Amino acid sequence: MARVSRVPARVSQVSAPVTALGPGRRLGVWFQGCALACPGCMSRHTWDPAGGRELTADRFAELWRQALADGVDGLTVSGGEPLEQPAALAELLAAADRERRSAGVEADLLVYTGWELADATADPATADALARADAVITGRYLAGQPTDLVWRGSANQRIVPLSALGERRYAPHLERRTDRPDLQVRVTDGELRIIGVPRPGDLGRIERELRERGVTVRETTWRP
Ligand code: SF4
């Protein structure tokens, strides 16, 4: 019997392999919609909750099954703000958990959120949404607190393991720092997407280098 998707997620992007947001090679899903409006956010195109497109849990499960077959190490859910769609996030992570068990693959589930964990767990809907996550990276982006902590944009953001698998995968990275964060650059349909957490100045440098190579940047997602 076909499984029925009750609450499709509104997403901005699905991409693989993602290597700059969590350990190993990953499937990345960016949720659409974020009301936090952090000054300096590089993903302003994900703010509008009516933007993006629908992703049903069934379609996601197909993509995740394929990613598992291709040997990914995990799933990264980012945004936008995934916790603004708690029912859809819960359904998506339930599907991810079901499929990884059925494939017998130890692939971790990581969720980025601008919320603090205490706020997420205080609300039953968002607590339920994170029930199957192995780790979260929490906290708003604060442009005034730059950091060299891996996978984080500002020093206030924390990696919090939530399961035994999350503990094994993320404990070595809680305080790990780098002066050269991984950034992936992907070009599709005239759009250049940067995946990862750039340091202050990185985006301006990339724009300048593109200009020097004759590429005209008409619009960016990191400027109002
Ligand atoms: S940095 Fe993240 S939480 Fe902050 S506005 Fe951008 S998408 Fe939202």
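Residues numbered from 1 in each chain as written. Predicted model: local features only at pLDDT ≥ 70, side-chain atom pairs only at ≥ 80, totals over all residues.

Observations concerning the site of the ligand
Where we set the bar: Residues are classed as near a molecule or strand if the C-beta position derived from their backbone is within 6 Å of it. Three classes are used, and their members are as follows: Ala, Val, Leu, Ile, Met, Phe, Trp, Tyr, Cys and Pro are nonpolar, Asp, Glu, Lys and Arg are charged, and the others, Gly among them, are polar.
Close to the ligand lie 13 residues, the nearest being Cys34, Cys38, Cys41, Gly114 and Tyr141. Looking at the shell around the ligand residue by residue, the class counts come to six nonpolar, five polar and two charged.

Quick notes on the sheet that holds strand S5 (residues 108-112)
So the rule is basically this: Note: two strands are recorded as paired if DSSP finds a minimum of 2 bridges between them. Secondary structure elements are taken from DSSP: a helix is a run of H or I of four residues or more, a strand is a run of E of two residues or more, and numbering for both begins at the N terminus. Every axis in this analysis is a line fitted to C-alpha atoms, fitted for helices over the stretch in contact. Angles between the N-to-C directions lie between 0 and 180 degrees. Two residues qualify as being in contact provided that their C-beta atoms, derived from the backbone, are within 7 Å of each other.
Spatial strand order, S3-S1-S2-S4-S5-S6-S7: seven strands in an open sheet with mixed pairing. Looking along the sheet, the strands with just one partner apiece sit at the ends: strand S3 (53-55) and strand S7 (158-161). Taking the axes of each pair of neighbouring strands and ignoring which way they run, one obtains an average angle of 25 degrees across the sheet. When strand S2 (residues 26-31) meets strand S4 (residues 74-78), the two strands line up parallel, connected through five bridges. Bridge pairing in S4 links Val29 to Val77. Along the sheet, helix H1 (residues 57-69) contacts strand S1 (9-18), S2, S3 and S4; its crossing angle with S2, the most-contacted strand, is approximately 155 degrees.

Thoughts on the confidence of the model for the protein
In low-pLDDT segments, the atomic positions of the prediction should not be examined closely. Defined as follows: The predictor attaches a confidence to each residue, and that confidence, scored 0 to 100, is pLDDT.
Summary statistics for the protein give a mean pLDDT of 93 and a share of 96% for residues scoring 70 or more. Low pLDDT (under 50) marks residues 1-5, which in the prediction has five contacts with non-local residues, meaning those over four places away or in another chain.

Some words on the pairing of S4
Operational definition: Field definition: a residue is buried when 20 or more other C-beta atoms are found within 10 Å of its C-beta, exposed when 12 or fewer are, and partly exposed for counts in between, with C-beta atoms placed from the backbone. A clockwise course of the path from the first strand over the helix to the second, judged with the strands pointing away from the viewer, identifies a crossover as right-handed.
In terms of burial, S4 is largely enclosed, as five of its five residues are buried. Residue alternation in S4 divides its side chains into two sets, Gly74, Thr76 and Ser78 and Leu75 and Val77, and both sets are buried. Bridge count for S4 against S5 is four bridges, and the pairing is parallel. Directly across from Gly74, in S5, lies its bridge partner Asp108. Handedness of the β-α-β unit built from S4, helix H2 (residues 86-103) and S5 comes out right-handed.

Things to note about the environment of Gly144
For Gly144, the position within the fold is in the loop between strand S6 (135-138) and S7. Taking the number of C-beta atoms within 10 Å as the measure of exposure, Gly144 has 9 and is therefore exposed. Separated by 91 residues in sequence, Gly144 and Arg53 place their C-alpha atoms 32 Å apart.

A look at H2
Helical geometry: 3.6 residues make up each α-helical turn, so side chains three or four residues apart lie on a common side. Put simply, the rule is: What a helix is expected to span follows from its residue count: subtract one and scale by 1.5 Å.
When the terminal C-alpha atoms of H2 are compared, their 25 Å separation across 18 residues agrees well with the 26 Å that a helix rising 1.5 Å per residue should span. Here H2 has its buried residues at Ala88, Leu89, Ala90, Glu91, Leu92, Leu93, Ala95, Ala96, Glu99 and Arg100. On its buried side, H2 packs onto S1, H1, S4, S5 and helix H4 (124-129). Among the residues trailing H2, Gly104 stands out with phi positive, at a value near 65 degrees.

Some details on H1
The condition is simple: It is the directions from the helix axis to the C-beta atoms that the arc portrays.
The end-to-end C-alpha distance of H1, which contains 13 residues, comes to 18 Å, matching closely the 18 Å that a straight helix rising 1.5 Å per residue would cover. All buried positions along H1 are accounted for by Ala57, Phe60, Ala61, Trp64, Ala67 and Leu68. Along the axis of H1, the buried positions cluster into a sector of 125 degrees, meaning they face one direction only. Exposed positions of H1 whose direction lies more than 90 degrees from the buried face are Glu62, Gln66 and Ala69. Those residues of H1 hidden inside the fold are in contact with S1, S2, S3, S4 and H2. The first or second residue beyond H1 is Gly71, which carries a positive phi of 95 degrees.

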